[in-house]
Amino acid sequence: MNKLTSRTSLNILFVASLLSFFPLSLALVAISMDTELGDFVAKTWVMYFALIIPMFSIICAFIAKSKGIKSRKNIIAGFICSALIVMFGSFAIIMRDFYSYDYSLVHKVEQQIDFKLPDSGKLFTELYGSKSLDGIVEIGMKESKVRFTSESEINDFIDRIKNSDLWTTSITVQNKGLLNFWFQNRQCDYYLIYCIETGKHNASPGYSGQFNFIFLGYTTETRILVIGEYPLAIQV
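Before going into details, it helps to say that this report is about the structure given with it. Given the structure is predicted, the values throughout are model-derived calculations rather than measurements.

Here's the deal with the packing of aromatic side chains
- Tallied over the full model, the rule gives 19 aromatic pairs.
- Measuring from ring centre to ring centre gives 6.0 Å for F213 and Y230, while their planes differ by 20°; the resulting arrangement is stacked. Of this pair, F213 sits in strand β5 (residues 209-219) while Y230 is found in strand β6 (residues 224-234), placing the two residues 17 residues apart along the sequence. Considered together, F213 and Y230 belong to a single accessibility category, that of buried residues.
- Between K73 and the ring centre of F14, over which it is positioned, the NZ or CZ distance is 4.9 Å.

Okay, here's the thing in structure tokens:
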């Protein structure tokens, strides 16, 4: 016990506590997250594993204090770093209504755009909007990233894209007006824009109004399909 409560040990734990939030807890999130899908927020809960260091430092500091050894900086650093880890680690819980791993969205979209998408893959969806006082989430826009995992389905998917009139290899100046700012500069190999109200692909509704669009952008190298769902006001 004397060894644990020595000044040298306390100094080591003090430094370790400072490092527990940055870079340790953030490194744990980076390791556990799916970089291509960008699910950082959903994985912030793994920061809690770093809590063991500042909590251990606090415990040792109180033991040292009872033995007359100065340990105030360990207590202060321990509580501050613990609070930061708990606060940022809670994002996964606080924001749980604004993200999803539900792959059924892919099946819903393929029915809307009338084009079959692969059945095997991993998906992460971010919902941009606000939550009302009664807990209802008002969605302004969705962005999903899908990584397909079946080699045969991917090959079939690409073949059908190449032979389809629904997909394009670039976005015309006119069609950029059908995209919100979030998707206007996305660099992909194949694109598809669909208007839900008119049922048209890659074409303006032809009249003014508020419309809901679906944007798809597929990159062959990463095997990532970006799906954007958003409202947009069109002025003709």
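Moving on from the model shown.
What to know about helix α2 (residues 52-66)
- Here α2 contains 15 residues, and its C-alpha end-to-end distance of 21 Å stays within 8% of the 21 Å for a straight helix at 1.5 Å per residue.
- Taken together, the buried positions of α2 are occupied by P54, S57, I58, C60, A61 and A64.
- One or two steps after α2, the chain reaches G68, where phi turns positive at roughly 85°.

Topic: the environment of E110
- Inspection of the secondary structure puts E110 in helix α5 (residues 104-113).
- Accessibility expressed as a relative area gives 13% for E110, which makes it buried.
- Sequence-distant contacts of E110, that is, excluding residues within four places in its chain, are made with F115, K116 and L117.

What counts and how
- Sequence order sets the numbering: in each chain, residues are counted from 1 along the sequence as written.
- At least 70 in pLDDT is required for a residue's local features to be given in this predicted model, at least 80 for side-chain atom pairs to be given and counted, and no such filter applies to totals for whole chains, interfaces and linings, which use all residues.
- Note that the side-chain values use all heavy atoms of the structure and ignore hydrogens as well as water.
- Stacked, tilted and edge-to-face are the three classes assigned to paired rings of Phe, Tyr and Trp, where Trp is represented by its six-membered ring and a pair needs centres within 6.5 Å; plane angles under 30 degrees give stacked, over 60 edge-to-face, the rest tilted.
- Numbering of helices and strands runs from the N terminus, with a helix taken as a DSSP run of H or I at least four residues long and a strand as a DSSP run of E at least two residues long.
- Exposure classes here rest on a 1.4 Å probe applied to the protein chains alone. A residue is buried below 20% of its type maximum, exposed above 50%, and partly exposed in between.
- Only Lys NZ and Arg CZ are tested; either one counts as a charge over a ring when it is within 6 Å of the ring centre and within 35 degrees of the ring normal.
- Every helix has an expected span of 1.5 Å times one less than the residues it contains.
- Contacts between residues were defined by any pair of non-hydrogen atoms, one from each residue, lying within 4.5 Å.

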